[in-house]
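# Results of the structural survey
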Amino acid sequence: MSTIQLRNLTKTFGDFTALKTMDLDIADGEFMALLGPSGCGKSTTMNMIAGMEEPTSGKILFGERDMAGVPMGRRGVGFVFQNYAIFTHMTVRQNLAYGPKMRGAAKAEIDRRVGAIAELLQLTPLLDRKADRLSVNILQRVAIGRSAIMEPAIFLLDEPLSNVDAAFRAVMRTELKQLQRQFKQTMVYVTHDQLEAMTMADRIAVMDHGVLQQVGTPLEVYNNPVNVFVARFIGAPGMNLLKGRPAESDRGLVVDLGPLGITPPLPDDLAATVRGARGEVLYGFRPEQVALAQDGRGLAMSVTFVERIGARTIVHLGQGEGAVKAVFDNDVGLSIGQTAVVAPDALSVRVFDAATGVAMKAS
Ligand code: ATP
């Protein structure tokens, strides 16, 4: 079983804590992304799983086996880094064949595996090209192939696509997912790019400042962030958060946003929890989950900027702490200086405790 369990995993460098008591269960064959901003401890976690760093405290288990003291070469993991590591004086074929050859595989078996992996990674026409004549994009593909051909039960990838260009990254996202489906490895993928995490991972572990914030499917972390860090970090743009106070109205519980006015009523199950809140809350809604209200029921805000990105339009509204963004699938015909009335989709609204940043759960 290629499950990975992290138990109370902690790593300190001197008096700096890079990872704090992390608990995470990765299932056999699961694609888990470690996602977070630069310096949040993703690579430190990965290096400990790989056996390149020893934990300061806590445990790493592969299946039931404790990895304490087990060197990298004996862990049965494949590892691909941000910078490709391949032999530039060899051909693509020789690079791919290197690992199986070192393990003493028969020539026919090596040829079969090289052929299969080259086909999967679209390297077949390049098999006899010398690696030193290939682009960075292709070299990274070869590096992934070189690790994947060993069919490791656990495959660890640390920002493997950060040096390749945008168009190629999109292609590789699909290929990596196909690779994992085919070989059914347990895959741990470090990235700061939420698009990579959202499109490829079965589940995402969102990290910040050495602390695991939330683990969930891409849709769970998008729809139900556990705190304001995840709410802002996931989504492009992130969730809008407006400070206010719960208030009773004849239509139900609303949030009084001060100068911005009163929100539409909260759904009953969320209202039940928010009603008990003491102090200020943050009223959260995704930029994609708003409509322009025709009946005037919503938040009247002034348009400060309009970004047209191909099929989508991002409208910036309001100022300072009261600024929000709204994303529309078409050109909504708004321009700077106009007032728009935005109505967040009631069922998509999330409310957070302003003091702790923690999400209030619907009851
Ligand atoms: P990035 O994407 O920038 O690599 P990351 O989330 O992978 O970020 P880590 O590389 O795990 O972050 O680093 C987490 C923190 O630990 C950073 O503040 C980093 O400076 C620190 N750190 C990492 N390795 C060491 C080390 N060997 N000595 C001291 N500090 C370290």
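Residues numbered from 1 in each chain as written. Predicted model: local features only at pLDDT ≥ 70, side-chain atom pairs only at ≥ 80, totals over all residues. Heavy atoms only, no water.

### Considering the overall build of the protein
Counting secondary structure elements, the protein contains nine helices and 20 strands. Across the protein, every contact between residues at least 6 apart in sequence was considered, and the portion connecting residues at least 24 apart equals 67%. Approximately 16800 Å² of the protein is accessible, and the part contributed by carbon and sulfur atoms is 51%. Positive and negative charge centroids in the protein, built from 38 and 38 side chains respectively, lie 6 Å apart. (Helix = DSSP H or I, 4+ residues; strand = E, 2+ residues; numbered from the N terminus. Contact = heavy atoms within 4.5 Å. Areas by Shrake-Rupley, 256 points an atom, 1.4 Å probe, with all protein chains shown as cover. Lys, Arg positive; Asp, Glu negative; His and termini not counted. Charge placed at Lys NZ, Arg CZ, Asp CG, Glu CD.)

### A closer look at helix H4 (residues 136-148)
Taking 1.5 Å per residue, 13 residues should reach 18 Å; H4 reaches 18 Å between its end C-alpha atoms and fits that length. The buried count for H4 comes to eleven of 13 residues, which makes it a mostly enclosed element. Residues of H4 that are buried: Asn137, Ile138, Leu139, Gln140, Arg141, Val142, Ala143, Ile144, Gly145, Ser147 and Ala148. (Expected span 1.5 Å × (residues − 1). Buried < 20%, exposed > 50% of the residue type's maximum accessible area, 1.4 Å probe, protein only.)

### Observations regarding the site of the ligand
Close to the ligand lie Phe13, Phe16, Ala18, Pro37, Ser38, Gly39, Cys40, Gly41, Lys42, Ser43, Thr44 and Glu159. Contacts to the ligand include Gly39, whose backbone N or O atom sits 2.7 Å from an oxygen atom. Expressed as a share of its isolated accessible area of 630 Å², the protein-covered part of the ligand is 58%. Of all the elements, helix H1 (residues 42-50) adds the most residues to the shell around the ligand, at three residues. Of the residues in the shell around the ligand, the class split is five nonpolar, five polar and two charged. (Near = heavy atom within 4 Å. Polar contact = N/O pair within 3.5 Å; in protein donor to acceptor, adjacent residues only side chain to side chain. Nonpolar A, V, L, I, M, F, W, Y, C, P; charged D, E, K, R; others polar.)

### What to know about the sheet that holds strand E2 (residues 16-26)
Pairing within the open sheet is antiparallel, and its four strands lie in the order E2-E1-E4-E5. At either margin of the open sheet sits one strand with a lone partner, and together these are E2 and strand E5 (65-66). Where strand E1 (residues 4-13) lies against strand E4 (residues 57-62), five bridges are found, and the strand directions are antiparallel. Across the sheet, Arg7 pairs through a bridge with Lys59, a residue of E4. Packed onto the sheet, H1 meets E1, E2 and E4 and runs at close to 120 degrees relative to E1. (Pairing = 2+ DSSP bridges. Axes fitted to C-alpha atoms, helices over the stretch in contact; angles between N-to-C directions.)

### Here's the deal with the packing of aromatic side chains
Taken as a whole, this structure holds four aromatic pairs when the rule is applied. Residue placement shows Arg286 over the ring face of Tyr222; its charged tip is 4.4 Å from the ring centre. (Phe/Tyr/Trp six-rings, centres within 6.5 Å; stacked < 30°, edge-to-face > 60°. Lys NZ or Arg CZ within 6 Å of the ring centre and 35° of its normal.)

### Some remarks on the side chain of Gln180
Tracing the backbone shows Gln180 in helix H5 (residues 166-183). Gln180 gets classed as buried once you look at its relative accessible area, which sits at 4%. Contacts of Gln180, omitting those with residues within four sequence positions, involve Gly29, Glu30, Phe31, Gln185, Met187 and Asp202.

### Some thoughts on the environment of Leu219
Structurally, Leu219 is set in helix H7 (residues 218-223). Distance from Leu219 to Ala326, taken between C-alpha atoms, is 19 Å for residues 107 residues apart in sequence.

### Quick notes on the environment of Ala346
For Ala346, the location among the structural elements is in the loop between strand E18 (339-344) and strand E19 (350-353). Sequence separation between Ala346 and Leu266 is 80 residues, and the spatial gap between their C-alpha atoms is 6.6 Å.

### A closer look at the domain arrangement of the protein
Interface size is commonly expressed as the accessible surface area that is lost when the partners come together. Split by domain assignment, the protein resolves into domain 1 (4-232) and domain 2 (238-360). Of note, the centres of domain 1 and domain 2, computed from C-alpha atoms alone, are 38 Å apart. Counting residues at the interface gives ten residues for domain 1, matched by twelve residues for domain 2. Interface area lost by domain 1 to domain 2 is led by Tyr222, Val228 and Ala231, which between them contribute 51%. The tally of links between domain 1 and domain 2 comes to zero salt bridges. For the pair domain 1 and domain 2, the number of links is eight residue pairs in polar contact (both at pLDDT 80 or more). (Domains from an automatic or database assignment. Buried area = accessible area lost by both parts, 1.4 Å probe. Salt bridge = Lys/Arg side-chain N within 4 Å of Asp/Glu carboxyl O.)

### Things to note about the environment of Arg232
Considering the arrangement of structural elements, one finds Arg232 in helix H8 (residues 228-233). The sequence separation of Arg232 and Tyr222 amounts to ten residues, and the corresponding C-alpha distance is 9.8 Å. The contact partners of Arg232, leaving out residues within four places of it in the chain, are Gly238, Met239 and Leu241.

### Some remarks on the sheet that holds strand E8 (residues 186-191)
In a beta sheet, neighbouring strands pair by backbone hydrogen bonds and run either parallel or antiparallel. The six strands are arranged E6-E7-E8-E3-E9-E10 in an open sheet whose pairing can be described as mixed. For this open sheet the edge positions go to strand E6 (77-80) and strand E10 (211-216), each flanked by a neighbour on one side alone. Looking at each pair of strands side by side, their axes are set apart by 15 degrees on average, direction ignored. Pairing of E6 with strand E7 (residues 154-158), which is carried by four bridges, proceeds in the parallel orientation. Note on E7: the bridge partner recorded for Gly78 is Phe155. The strands touched by H5 within the sheet are strand E3 (31-35), E7 and E8, with E8 carrying the most contacts at an inclination of about 160 degrees.

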